[in-house]
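The chain contents come next:
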Amino acid sequence: RDDHALLAELLAYDLYRRAGVGHPLCHPVRLWMNGEPLGLHLLVEQPGRGFLRRQGIDDRANLYKYEKDGKDLARQHEKRTNERDGREDLVQLMAALQTTDGTLRWAAIRKRFDVEQVVHYFAVRTLLASASDIGDDYLACHDLEGTERWTLYPRDQDKTWGGRSATADIAAGSPLPFTTPATVGTLA
C-alpha cells in the first residue's frame, strides 16, 4: 500500500466524520520487524455488528458490503450480519426502485431511506473525487428493528483525493447506487 492511498483513506474517513456520516474506524500504525521498518499501515475496522452499534443501529440490522465483481444482486451484496438469512429486503428495495417514473422512484426513496443521511454520504463522496464509480465501495444497512430505513456508509476509500486512477465520472443524475441512472431533475 502506498503512502498516498493510506493518507487518502484516513483523510476521507475524517471528512465523512466531520459531515456526520458514520464510517469504519481506522488508525495509522508504523510497523517494524526485527528492528527493520515495514512502513506505515492502516488498521481499518471490518464492518459487522460492532460497526452497527457504533452507528446507533440495532445490531440485528442487515448490513451489506457491495462487491462490484458479483454477477448478480446476491453476489454483489455480501451480507456482513444475519448471513444465514436471505436477501429479501434487498430484492424488495430493488423492485421498488426499478420504476422509470421519477415521482414513484422518489416516493420509494423517501419511504425506504434515511434521505438526509444518504444525501450527506453522497455529498462527501462527491467532494472526495473518488476514482471508484459513484455506486462502488459502500456499505448498505437496513435497520430492521428501528427506523426500518436504509443508510449508506463508505468503505475502501484509498482511491480518493485524486488517487492515481482518478478517472471516475461522477454520475450526478443517479440518486442511489442501486438504481439505473435517473433522468436529470427526477428528485425535484
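Described in the following lines is the structure provided in the data block. (Residues numbered from 1 in each chain as written. Predicted model: local features only at pLDDT ≥ 70, side-chain atom pairs only at ≥ 80, totals over all residues. Heavy atoms only, no water.)

### Quick word on the overall build of the protein chain
Per the secondary structure count, the protein chain includes six helices and six strands. Expressed as a percentage of the 188 residues in the protein chain, the buried residues total 41%. In the protein chain, the share of contacts with a sequence separation of at least 24, taken over all contacts with a separation of at least 6, comes to 59%. Accessible surface for the protein chain amounts to roughly 10400 Å². Of this, 51% is attributable to carbon and sulfur atoms. (Helix = DSSP H or I, 4+ residues; strand = E, 2+ residues; numbered from the N terminus. Buried < 20%, exposed > 50% of the residue type's maximum accessible area, 1.4 Å probe, protein only. Contact = heavy atoms within 4.5 Å. Areas by Shrake-Rupley, 256 points an atom, 1.4 Å probe, with all protein chains shown as cover.)

### Some words on the nonpolar core
Within the largest apolar cluster, 21 residues are counted, with the highest numbers of intra-cluster contacts made by Phe113, Tyr121, Trp150 and Leu152. When contributions to this core are tallied by element, the ones reaching two or more residues are α1 (3-18), β3 (62-66), α4 (88-97), α5 (102-112), α6 (115-128), β5 (138-142) and β6 (150-154). Looking at this core element by element, the count peaks at five residues for α6. Excluding residues within four positions of it along the chain, Trp150 makes contact with Tyr64, Asp89, Leu90, Leu93, Arg112, Phe113, Asp114, Val118, Ala140, Cys141 and His142. Leu52, Ala61, Leu63 and Tyr153 belong to the second largest nonpolar core, which has eight residues in total. (Core = buried A, V, L, I, M, F, W, Y, C linked by side-chain atoms within 4.5 Å.)

### Some remarks on the pairing of β6
With five of five residues buried, β6 is to be regarded as a mostly interior element. Here β6 shows no split at all, with Trp150, Leu152 and Pro154 on one side and Thr151 and Tyr153 on the other all buried. Judged from the five bridges that link them, β5 and β6 form a sheet pairing that is antiparallel. Looking at β6, one finds that His142 is bridged to Trp150. (Pairing = 2+ DSSP bridges.)

### Thoughts on a nonpolar patch on the surface
A contiguous nonpolar surface patch, about 290 Å² in accessible area, is contributed by Leu7, Leu11 and Trp161. Position of Leu7 among the secondary structure elements: in helix α1. Owing to a relative accessible area of 42%, Leu7 belongs among the partly exposed residues under this scheme. (Patch = residues over 30% accessible without salt bridge, like charges linked within 9 Å, V, L, I, M, F, W, Y side chains within 5 Å. Salt bridge = Lys/Arg side-chain N within 4 Å of Asp/Glu carboxyl O.)

### Focus on the pattern of salt bridges
A full pass over the atoms with the stated rule returns 10 salt bridges. As a salt-bridge pair, Asp14 and Arg17 come within 2.6 Å of each other at their nearest N and O atoms. Taken together, the positions of Asp14 and Arg17, both in helix α1 and three residues apart, correspond to about one turn of that helix. Its relative accessible area of 47% is what places Arg17 among the partly exposed residues. Across the pair Glu67 and Lys65 runs a salt bridge whose closest N-O atoms are separated by 3.3 Å. The class for Lys65 is buried, based on a relative accessible area of 16%. Three or more residues joined by partner-sharing salt bridges are found here, namely Lys65, Glu67, Glu78, Arg80 and Arg155.

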